[in-house]
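Now for the letters of each chain:
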Amino acid sequence: MVGAQAIEPGAVETTAPERVWYTSYGSNMHLGRLASYIEGGRSPGAGKVYPGCRDRRMPRRSVPVELRGALYFATESPVWGGGRAFYDPEQEGRVCARAHLVSASQFADIAAQEMYRSPGEDLDLRAVLTSGVARLGDGRYETLVCAGQMDGLPVLTFTAPWHADEVTLVPPSRAYVHVLASGLLAAGAWDADTVAAYVASSPGAAGHWSEQAIRALITT
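Here's a quick rundown of the structure. Just so it is clear, the model here is predicted, and its values are computed rather than measured. (Residues numbered from 1 in each chain as written. Predicted model: local features only at pLDDT ≥ 70, side-chain atom pairs only at ≥ 80, totals over all residues. Heavy atoms only, no water.)

1. Observations regarding the overall build of the protein chain
And step 1. Counting its regular elements, the protein chain contains six helices and eight strands.
And step 2. Going from N to C terminus, the protein chain has its helices and strands arranged as β-α-β-β-β-β-α-α-β-β-β-α-α-α.
And step 3. In terms of overall dimensions, the protein chain has C-alpha extents of about 45 × 35 × 35 Å along its principal axes.
And step 4. Out of the 220 residues belonging to the protein chain, those deemed buried represent 55%.
And step 5. Sequence-distant contacts in the protein chain: of pairs separated by 6 or more residues, those separated by 24 or more amount to 68%.
And step 6. Element-wise, carbon and sulfur atoms account for 48% of the exposed surface of the protein chain, whose accessible area totals about 9,500 Å².
And step 7. Each charge class in the protein chain can be summarised by its mean position, and for the 19 positive and 23 negative side chains these summaries are 7 Å apart. (Helix = DSSP H or I, 4+ residues; strand = E, 2+ residues; numbered from the N terminus. Buried < 20%, exposed > 50% of the residue type's maximum accessible area, 1.4 Å probe, protein only. Contact = heavy atoms within 4.5 Å. Areas by Shrake-Rupley, 256 points an atom, 1.4 Å probe, with all protein chains shown as cover. Lys, Arg positive; Asp, Glu negative; His and termini not counted. Charge placed at Lys NZ, Arg CZ, Asp CG, Glu CD.)

2. Details of the side chain of Ser 173
And step 1. Within the secondary structure layout, Ser 173 lies in the loop between strand S8 (153-159) and helix H4 (174-187).
And step 2. Only 3.1 Å separates the side chain of Ser 173 from the backbone oxygen of Trp 80, close enough to count as a polar contact.
And step 3. A polar contact of 3.2 Å, which involves the side chain of Ser 173, links it to the backbone oxygen of Gly 81.
And step 4. Apart from residues no more than four positions distant in its own chain, Ser 173 is found in contact with Trp 80, Gly 81, Gly 82 and Trp 209. (Polar contact = N/O pair within 3.5 Å; in protein donor to acceptor, adjacent residues only side chain to side chain.)

3. With respect to unusual backbone geometry
And step 1. For Thr 75, which is not a glycine, the phi torsion comes out positive at approximately 60°.
And step 2. Considering the arrangement of structural elements, one finds Thr 75 in the loop between strand S3 (70-74) and strand S4 (84-88).

4. Looking at the pairing of strand S7 (residues 143-150)
And step 1. Counted residue by residue, S7 has seven buried out of eight residues, so it is predominantly covered.
And step 2. Of the pairings in the sheet, the one linking strand S6 (residues 133-135) to S7 comprises three bridges and is antiparallel in character. From the neighbouring strand, Arg 135 faces S7, where its bridge partner is Thr 143.
And step 3. Between the end of S7 and the start of S8, which pair antiparallel, lie two residues, with Asp 151 showing a positive phi angle near 55°. (Pairing = 2+ DSSP bridges.)

Following this line, the structure appears as C-alpha cells:
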C-alpha cells in the first residue's frame, strides 16, 4: 500500500499553468473510465460515447489524495443510472480521490465533457486559482474547485454549485459503485475494507449500499 499524497492548501501563484492535477472523486478515478474522456469512446458499463480530448495522451502520473470535505450522491445519471458523485468542500470529513497529472487543455476538455459541452476551448483558471472556487454555470459539475497544490501545480476538480444538504440524495447504481470503488482500490492507498466502508457511509449510498456488498463488487 502507498500513502495518499499531501496537498498544500492555499492559493496557487501561477495563473496559466501548463499542467494541473485533475482530481477525480467519482468514476474517473478508474483509469479505464478516464480513458473514454481522454481518448474518446465508451467505457464498459457506461451508456455514452465521448469525443475525447484534443491531447489524447493518458496522465503522466495518477496518485491517491485526500480532500477536505464530503462525498455524496445526488441527481440522476443518464449514463449510469442512479445518483452521481459530488464533492462538498465545506462539509466536515475527508474525500478519497485520485489526482491525475494532465495538461491544462486536457483538464478543460474533460470538464467540458462532464458539463455536456463540446471540448476544444481552454479555460481561464485565474479565478479558481486565486479564490479557490469559480462557477462556470448553474449545472452539476460546472463549479471549479482548487484544493491547493502538489509539486507546485494546482489540484483542481469540479462539482455542483449546491451543498450536500441542499439537494435530494439519490443512491448510486451498481455499475457506478463498481467503477468508482474499483478506481479507489487501484489507487493503492486504501484496501478493500477501507474503500467499502468509505463508499457505504457516504450520503446517498448510506442505507442503500452495505460494506459487504461493495466489498464483493471489487474483490470478486
